[in-house]
Amino acid sequence: MIDCVENRLLTSRRGLLLGGASFAAWAYLPKFARAADGRDPRLIVVILRGALDGLSTVGPIGDPDYAGLHGSIALTADGAHPAIMLDSFFALHPAMPEFARMYRDRHAAVIHAVATPYRDRSHFDGQDVLESGFVGPGRVQSGWLNRALEALPRGERVSSGLAVGPTTPLVLRGNAPTVGWAPVALPQADDDTAMRLMELYRHRDPALASALSQGLQLDKAASGDDMKATRGNAVAQMRQVARGAAKLMAADDGPRIAALAFDGWDTHANEGGPVGRLAFLLGGLDGALAEFESGLGDRWRETVVVVATEFGRTARINGTDGTDHGTGTIALLAGGAVKGGRVIADWPGLKLANLHEARDLKPTTDLRSVIKGVLQDRFGLSDRVLAETVFPDSASARPMKGLVA
Amino acid sequence: MARDTQAALVALNRFGFGARGGASGDLINASSDPRGFVKAELARPNGVLLEAPGLQSTPQLGQAVFAYQDQVKQAREAAKAAAPAETPPAAPTELRRNPSLNAAATEIAGQMAEAKPADNAARPDAMQPNAAAPPAAKPAPQPLNVIQKTFRAEALARLQRATLAECGFTERLVAFWSNHFCISASKGELARIWAGAFEREAIRPHVLGRFPDMLRAVEQHPAMLFFLDNQQSLGPDSRAGQNRKRGLNENLAREIMELHTLGVGGGYTQGDVTSLARIITGWTFAGRQGQLGSPGSFVFSVNAHQPGPQVLLGRSYEATGLAQGEAALADLARHPSTANFIATKFVRHFVADDPPPTLVARLRDVFVKSDGDLKALAMALVDSDEAWKAPLTKMRSPYDFLVASGRLLAQVPEDPSRYLSGLNLLGQPLWSPPGPNGFPDTNAAWAAPEGIKLRLDIAAQIGARLGNNIDPLDLLEFAAADAASIETRRTIERAESRQQALALLLMSPEMQRR
């Protein structure tokens, strides 16, 4: 199975190579413009690995059971670090002022009580489902974003997605060629050495030839004033990664679609409320969103950032002031193209009888509906392609309408 | 005797860490008896243990961390007392914005380890210039603290062992099992100082021993208990649970079944996770006060242990205290799902991303029949045909790549810095995987565009640094001899400088694939 998928990957890359396009894949990235209306949309997918506690990020403080369940780490409307009220019911974690501003400007939205179809509690299987877009975990080697790219009409459409980080996230792996970039802090090999190595790989190892050529091209495109990796903390690293990705995507010939992953959301113990461990991470995410906004400049108007995680965490805090693996959580949308300023939720309530297996926020919205809605509005993919190819067997999860302006 | 260079590459690269340069004669030795060359290492008594001057035990290291934290706290309090007006309590978010790289990682984890805000003082970022500054904290480069020093010493010992090993098969086995039962140094100060000791104490003694013993040693090691939060988990009906109104944390219990033994889909339920979590309540380590035992050593806390019998995977375990959990682990180690999970992972690491099912089945049977004898498992792998016939298509991981380069260049590291920063850059920071499932073990992970480009940058740096003093064609003889492709040989011959030739050699498919 793996073998078969990898061979196809290899073949497609080799095809690219023989076509003479691979080495210059970056430079020849076609302009993505929808001929009909001249729009030039951007999509960024941010995966939060480790399972984000949605109830601590966007707290249903109007729910009478919330404070009791979330106990010492529940968000509150008052106190030293009050949460930011999004409406009369939901409040945003105070570590996210940038997202709050976007929300006020109607360029950010929250979808609550959301989940993928996965109902068990393994991170790795959960991430598999989230990123592969399949109904269950399996040994799948392609992701929904890659298949969405593949489904775009050929021709003037973009043919490459940008994977940010040292390895390509599953969501963007697959047949459609992708390019990768991560911050560097090294004196780089000179062009001549790189060309010689390319030549050797072309003859002996096509897979490495393809990987190297993409790595080289991206690195050039991203390098500039402040793109050298600097020593910094996790927050600075999230910002830096976002800054680099935005810079690449802002270019006229840059990739229109990118995926990246931030780790560390598995808050089993001492998760912290308005301040603490989760607050620290959310501050980093918030900073990354601000970097996307400023780095994309005018393109921000055409941008949608989707933030998603594999599943949520228990509604009730555990014995160690943290939360264990759960089910329902949130997804966030940000960007100038988002029809924002709202929390979209069919709220299930937090009474014991309403919890999934009497422990987790019950999911009432299928995350695939959210993503399908975005993909449809952004890229005009049909219901059928979305339900069969991008998210196989997902006809029952209808694309959510009206998420994007 | 007939020489088989291709088989020698399998022996050295697939099983070991690559041929050593200089006068080692590794490639020639391996080519006359490839299987014997690999097996020879397994026959050495105590060949897996790692003892080096200055490496300390887990309790000693735990006590060093406690002492260090006290010291930092005292320095901070002294500074506060000296200049109360000068130290407005920086908002916690402010404080968190400027830690150094290592401190940032420790920082996040520090939140988990230290419950009370007062303990902020114990965090390394308190030493940063922007925090309330004790008199000693100048923007000048700070001397390494005991945690950083220990981590580097442990890393160096491991790297030296890997560089000097004859074949490197046992060291590869150590790395494999260490990744299977990984902890992450970025969890916090204790995890960072314990990372090396964990491997020396819980992994190495059992790499050629028995799986059930390794499993027990790992799950009772303070580093694992800290990494997966079990020291905080209290039986809800235990005395401590009742007194402190805290309860279970199922993190370790879940990963024991999902990642260490049965594998996901291995036949357990959420109920089993909770049950195992209850069974291992009380598995903890003695804290700085040492009420339960020597600080930093494994202890079983009766007070924290959930009383009563428990049912796990349909079997009942009587309330026998510590023995209850040990019995549960012993049964998990013998479960058929465990044998299957381990055999699959083992073959994936050594043979191919898509492991040949017949070989997996054979190794699974060996595992079952030998009751988890890991030496028998390794021997069965070496004796198989599949392991010698499968093409060398697996990408070397960043650790493999750097160690193999050092071996070929006969450079025994005396300072781990270059290796550690190289591993960070290439996405495989030592003893710090992104999650409890360890680093990935597939080509998809290690042959990505950015990774390859960064490897080239590192190879170019090594070339620039060391290329002057070597003959790249000699190195090619040491690394692959007549098994090298004509294109690789030509590329090296035609390089414009020795520096460039070395970079190209290190990046050649012969050095990148195993």
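Residues numbered from 1 in each chain as written. Chains lettered and ligands numbered in written order. Predicted model: local features only at pLDDT ≥ 70, side-chain atom pairs only at ≥ 80, totals over all residues.

### Some remarks on the overall build of chain A
What counts here: Per the convention used, a helix needs a DSSP run of H or I reaching at least four residues, while a strand needs a run of E reaching at least two, with both numbered from the N terminus. In this scheme the burial state of a residue depends on its C-beta neighbours within 10 Å: 20 or more other such atoms mean buried, 12 or fewer mean exposed, and anything in between means partly exposed; the C-beta positions come from the backbone.
Looking only at helices and strands, one finds twelve helices and twelve strands in chain A. The buried share among the 405 residues of chain A stands at 63%.

### Comments concerning the nonpolar core
For soluble globular proteins, the rule of thumb is that nonpolar side chains tend to be buried together. The criterion, for reference: The term nonpolar core means buried Ala, Val, Leu, Ile, Met, Phe, Trp, Tyr and Cys residues held together as one set by C-beta atoms within 7 Å. Each residue is represented by a C-beta atom placed from its backbone, and any two residues with such atoms within 7 Å are regarded as in contact.
The biggest cluster of nonpolar side chains holds 148 residues, and the ones touching the most others in it are L276 and L363 of chain B. Take this core: its biggest share by element is nine residues, from helix α9 (residues 189-203) of chain B. When sequence neighbours within four positions are dropped, the list of residues in contact with L363 of chain B reads A343, F346, V347, L377, A380 and L381 of chain B. Core analysis: the second largest hydrophobic core is formed by 111 residues, V46, L69, A163 and I371 of chain A among them.

### A closer look at the domain arrangement of chain B
All names here are of chain B. We count it as follows: Start and end points for every domain follow an automatic or database-based domain assignment. We call Asp, Glu, Lys and Arg charged. Ala, Val, Leu, Ile, Met, Phe, Trp, Tyr, Cys and Pro are nonpolar, and the rest, Gly among them, are polar.
Its domain assignment divides chain B into domain 1 (58-147), domain 2 (229-351 + 354-373 + 383-390) and domain 3 (398-512). At the junction of the two partners, domain 1 supplies six residues and domain 2 supplies five residues. Grouping the amino acids of the side of domain 1 that touches domain 2 by side-chain chemistry returns three nonpolar, three polar and no charged.

### Describing helix α10 (residues 277-296) of chain A
All names here are of chain A. Convention followed: Multiply 1.5 Å by the residue count of a helix minus one, and that product is the helix's expected span.
With 20 residues, α10 should cover 28 Å at 1.5 Å per step; its first-to-last C-alpha distance of 29 Å lies within 8% of that length. Along α10, 17 of the 20 residues are buried, which leaves the element largely enclosed by surrounding structure. Backbone geometry just downstream of α10 places G297 in the positive-phi region, at approximately 55°.

### Side note on the sheet that holds strand β2 (residues 58-59) of chain A
Residues and elements named next belong to chain A. This is how it is decided: Pairing between two strands requires that DSSP report at least two bridges joining them.
The strand order across the open sheet built from three strands is β2-β4-β3, with neighbouring strands paired in antiparallel fashion. A single partner strand is all that each edge strand has here, and the edge strands are β2 and β3 (84-85). Where β2 lies against strand β4 (residues 91-92), two bridges are found, and the strand directions are antiparallel. In the sheet register, V58 faces β4, and the bridge partner there is L92.

### Considerations on the confidence of the model for chain A
Residues and elements named next belong to chain A. Selection rule: By definition, pLDDT measures how confident the predictor is in each residue, and it falls between 0 and 100.
Looking at chain A, the pLDDT average stands at 83 and 82% of residues meet or exceed 70. Residue range residues 1-36 is modelled with pLDDT below 50. Its contacts to residues more than four positions away, or to other chains, number 66 contacts. Note on residues 224-232: pLDDT is under 50 here. Beyond four places in sequence and across chains, it has 15 contacts.

### Observations concerning helix α1 (residues 5-15) of chain B
Residue and element names in this part refer to chain B. Counted residue by residue, α1 has eight buried out of eleven residues, so it is predominantly covered. All buried positions along α1 are accounted for by A8, L9, V10, A11, L12, N13, R14 and F15. On its buried face, α1 is in contact with α2 (26-32), α3 (34-42), α8 (169-180), α16 (336-350), α18 (374-383) and α19 (386-389).

### Quick notes on the packing of helix α4 (residues 58-82) of chain B against α9 of chain B
Residues and elements named next belong to chain B. Formally: Every axis in this analysis is a line fitted to C-alpha atoms, fitted for helices over the stretch in contact. Angles between the N-to-C directions lie between 0 and 180 degrees. Orientation is classified from the angle alone, with under 35 degrees giving roughly parallel, over 145 giving roughly antiparallel, 65 to 115 giving roughly perpendicular, and any other angle giving oblique.
The contact between α4 and α9 brings their axes to 9 Å, and the two run at 170°. As summarised for this structure, α4 and α9 are arranged roughly antiparallel, according to the angle between their axes. Contacts between α4 and α9 involve T58, L61, G62, A64 and V65 from the first element and E189, L190, I193, W194, A197 and E201 from the second. Looking at the contact of α4 with α9 residue by residue, the classes come out as seven nonpolar, two polar and two charged.

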